[in-house]
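Next come the chains, spelled out residue by residue.
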Amino acid sequence: MALTLRSSTSFLAPLDPCSKLLHRPEDAPPSSVAVPQAPARLRALRAAAQAPPAPMEAPAPIPAELLHGQVQQANAGGGRPSRGGVPVFVMLPLDTVGPRGQVSRARALAVSLMALRSAGVEGVMVDVWWGVVERDGPGRYDWEGYAELVRMVERAGLRLQMVMSFHQCGGNVGDSCNIPLPPWVLEEVSADPDIVYTDRSGRRNPEYISLGCDTLPVLKGRTPVQVYSDYMRSFRDRFAGYLGTVIAEVQVGLGPCGELRYPSYPEANGTWSFPGIGEFQCYDKYMRASLQAAAVAAGHENWGTSGPHDAGEYKQFPEETGFFRRDGTWSTEYGHFFLRWYSGMLLEHGDRVLAAAEAIFGGTGVTLSAKVAGIHWHYRTRSHAAELTAGYYNTRHHDGYEPIAQMLARHGTVLNFTCMEMKDEQQPGHAGCSPELLVQQVRAAARAARVELAGENALERYDEQAFAQVAATAEAAGLSAFTYLRMNRNLFEGDNWRRFVAFVKTMADGGARTALPRCDTGQSDLYVGFVDAAKEQRAPESEAAAAL
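Residues numbered from 1 in each chain as written. Predicted model: local features only at pLDDT ≥ 70, side-chain atom pairs only at ≥ 80, totals over all residues. Heavy atoms only, no water.

## Describing the nonpolar core
Of all hydrophobic cores here, the largest spans 148 residues; its most connected members are Trp130, Tyr146 and Phe500. The biggest single contributor to this core is helix H9 (residues 333-361), with 14 residues. With residues near it in sequence (within four places) discarded, Phe500 still touches Val90, Leu116, Val121, Phe467, Tyr484 and Leu491. (Core = buried A, V, L, I, M, F, W, Y, C linked by side-chain atoms within 4.5 Å. Buried < 20%, exposed > 50% of the residue type's maximum accessible area, 1.4 Å probe, protein only. Helix = DSSP H or I, 4+ residues; strand = E, 2+ residues; numbered from the N terminus. Contact = heavy atoms within 4.5 Å.)

## Here's the deal with the packing of aromatic side chains
Evaluated as defined, the whole model comprises 41 aromatic pairs. On the numbers, 5.6 Å between centres and 70° between planes, the contact of Phe274 with Trp377 is edge-to-face. Taken together, the residues span a long stretch of sequence, with Phe274 in the loop between strand S7 (247-252) and helix H8 (285-297) and Trp377 in the loop between strand S8 (367-372) and helix H10 (385-390) at a distance of 103 residues. Using a relative accessible area of 37% as the deciding quantity, one classes Phe274 as partly exposed. Of the residues examined, Trp377 reaches a relative accessible area of 7% and is grouped as buried. With 5.8 Å between their ring centres and 40° between their planes, Phe467 and Tyr484 make a pair best called tilted. With Phe467 in helix H13 (residues 464-477) and Tyr484 in strand S11 (residues 482-484), the pair connects residues that are 17 residues apart, well separated along the chain. On the basis of relative accessible area, Tyr484 is assigned to the buried category, the value being 2%. These aromatic residues form a ring-pair network of at least three members: Trp130, Tyr141, Trp143, Phe166, Trp184, Tyr208, Tyr228, Tyr231, Phe235, Phe239 and Phe361. For the cation-ring pair, Arg238 lies above Phe239, with the distance from its terminal atom to the ring centre recorded as 5.4 Å. (Phe/Tyr/Trp six-rings, centres within 6.5 Å; stacked < 30°, edge-to-face > 60°. Lys NZ or Arg CZ within 6 Å of the ring centre and 35° of its normal.)

## Here we look at the UniProt feature "active site" (unreviewed entry) in the protein chain
Cross-referencing UniProt, the feature "active site" (unreviewed entry) maps to Glu259 and Glu456 in the present numbering. Despite a sequence span of 198 residues, these residues sit close together in the fold, their greatest C-alpha distance being 12.3 Å. Its place among the elements puts Glu259 in the loop between S7 and H8. Excluding its chain neighbours within four sequence positions, the residues that come into contact with Glu259 are Leu254, Tyr265, Lys371, Ala373 and Thr418. Other than its neighbours up to four places away in sequence, Glu456 contacts Met91, Met125, Gln251, Lys371, Asn416, Phe417, Thr418, Cys419, Met420, Glu421, Phe482 and Thr483. (UniProt positions renumbered as here; feature names shortened; annotations may be inferred.)

Okay, here's the thing in structure tokens:
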């Protein structure tokens, strides 16, 4: 049996008139993909996407004390995105470009891209791994696998979100392969283990270089920020002809999983499990030196000798600790000092790296974005413990997302937020979760800072409830784009594909519909049905599912 597409209307995106397909580079292989024209509505959508964004209305004033679930209601005006719909991107597999710099499963990928385009998808997202590109030594960049991928995506008539992934792949939820930091960086880690994050017990985390040494020449004579800058500059120069056209967005990795946060809840080796509070990551010598200097400046030198002694362990709950319990240390003068310093260091890190990215990519036409983690567990407690250990100083009385949104706004960077598919009622009661209130709070922070908000789903979901939740959030929050996690065999199978196609159409229509009819006798909608493979040619999505 195979899947086919039956429709009286095409949902294929048109070729950009500036596309390299019209002037193909000599090294690009000929395309075997037929590219029909899209209807006028989608052509208008693409044209609108290139237009300057409409000015945002002034946000409502924010009360002095943040009471979650109340301030968000005051700022929840929003409405449908100005361009009449939300473009949907799809994350490619983590190993799309493998450890040796080659495109993995190229034939299956080409067929999958064609299937995604047939569904009306705007484009795809791919991790551009530091550990792959600069694996052979400092300043020795291998972009060839990604160049091949860019050409494949262009031939498919799609666009790209490319993530500057300065973190390791492996050890987190959904990591399906292992791509460490570049070998020469790991040599430096062996020589000086303090350049990676460290917890209270002395455990090192090699997922990302500690922000405590951002401005120190710890990587073969360069600072981490210089290394990231050189990498992004080389990327810009290599792909200059595609920036702003095929490459629509560059997402700048700012921490573990590419997110602006500390690695406070690592799953590797069972260190953490949901819904544990996690642990502060401030015990490498560079972070401790910064803490000591901040304590001296605050007139409390004794506060700088270590992080909180009563903050508990990774898998504990807030009430099991002295720091995070209802009226714990987090609400004392010392708690305010420590949390301001800890979150402030994270904000400064984001500011440094994004300032470099803005200088490098300014004028190229690409959109810059940065990802913020959707840490929704223990959100209903007063301390918001899991957010605090990750570096978001967000409590019942302190808004941790407005400073982040303001920092992103200074650099014209889109705030990309996760957990858009989650509903409160679907979460375990003992975990104190509230992804819906969290999304509302982040939406309010983005509106107040006048920064664009984009979204992702946190978990792999194919059910109509999840798609409907994303569509409703997109309409209310005015999302600039949504990136779906993730392209794999499951996506192209049966009802999963049918629901996904319906979701893409819903997003293009601005959230006006939540599902396609089960039986489309009038053939006015895109319909995914089953036919006998012996009698019908295999459709792109069927071939993709078989090949992946």
